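Each chain is listed here by its residues.
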Amino acid sequence: TGVVSKYIDTLKVGDTIEVKGPIPKFTYVPNSKKRIGLIAGGSGITPMIQVIKEILTNTSDKTELDLLYSNTSEEDVIYKDQLDQLAKKHKNLKITYVISSKQGRINKSIIEKVLPSKSYLSSDSLILVCGPPSFMESI
């Protein structure tokens with residue numbers, strides 16, 4: 001349902017596209033942070049899934065994860081079933097979904113409610129943000 005997906009859907013057999021990546025920007029070290037906040041918009045969930053899986057598959061990693069995940073509509077929420085299963089299985093993963101067509105865009109108030117500054121102002125915390133350009137501009 002995203003822009004790129006719609007474009008790819010128009011391609012015909014034999015058409016070509018250029019892609020690049022992955023481009024590493026963050027190297028995670030287990031237990032290096034007590035808490036990590038993840039703010040994702042739309043397809044920006046993809047790198048967050050990598051971080052979440054890296055932490056949750058390491059049983060000795062006790063890092064707490066708070067995911068704030070925004071989409072335009074409920075139908076646009078990719079990986080929802082997978083994320084819900086992970087949150088059910090792992091008590092250190094908390095997920096808050098924001099549907100912008102119903103709740104509005106993620107704003108300072110929502111961020112402070114889900115990722116309270118008292119929990120994220122120390123050096124043993126980290127916040128990661130990823131999403132399309134309009135999402136990144138609004139954050």
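The structure we're discussing is the one just above.
These notes cover the structure that comes with them. Treat the numbers as computed from the prediction; the structure is a model and nothing was measured. (Residues numbered from 1 in each chain as written. Predicted model: local features only at pLDDT ≥ 70, side-chain atom pairs only at ≥ 80, totals over all residues. Heavy atoms only, no water.)

### Describing the overall build of the protein chain
Just so we agree on the cut-off: Only DSSP runs of H or I with at least four residues qualify as helices, and only runs of E with at least two residues qualify as strands; both kinds are numbered from the N terminus onward. Accessibility here uses a 1.4 Å probe with only protein chains present; expressed as a share of the type maximum, an area under 20% marks a residue as buried, one over 50% as exposed, and anything in between as partly exposed. Contacts are assigned to residue pairs that have any heavy atoms within 4.5 Å of one another.
When its secondary structure is counted, the protein chain shows seven helices and four strands. Put simply, the protein chain runs from its N terminus to its C terminus through helices and strands in the order α-β-α-β-α-β-α-α-α-β-α. For the protein chain, the spread of C-alpha atoms along the principal axes amounts to about 50 × 35 × 25 Å. Taking all 139 residues of the protein chain together, the buried fraction comes to 32%. A sequence separation of at least 24 residues applies to 75% of the contacts in the protein chain between residues at least 6 apart.

### Considering the sheet that holds strand S3 (residues 93–99)
What counts is decided by this rule: At least two bridges found by DSSP between two strands is the condition for calling them paired. Think of each axis as a best-fit line through the C-alpha atoms, taken over the contacting stretch in the case of a helix, with angles from 0 to 180 degrees between the N-to-C directions.
Spatially, S3-S2-S1-S4 is the arrangement adopted by the four strands of the open sheet, whose pairing is parallel. For this open sheet the edge positions go to S3 and strand S4 (125–130), each flanked by a neighbour on one side alone. When strand polarity is set aside, the average angle formed by the axes of neighbouring strands in this sheet is 10°. Bridge analysis of strand S1 (residues 35–41) against strand S2 (residues 64–71) gives seven bridges, and the strand direction is parallel. Considered in S2, the bridge of Gly37 is made with Asp66. Along the sheet face, helix H2 (residues 45–56) touches S1, S2, S3 and S4 and points at about 155° away from the line of S1. Against the sheet, helix H3 (residues 80–89) touches S2 and S3, its axis set at about 145° to S3.

### Topic: unusual backbone geometry
Positive phi is not limited to glycine here, since Asn31 has a value of about 60°. With respect to the element layout, Asn31 can be found in the loop between helix H1 (3–10) and S1.

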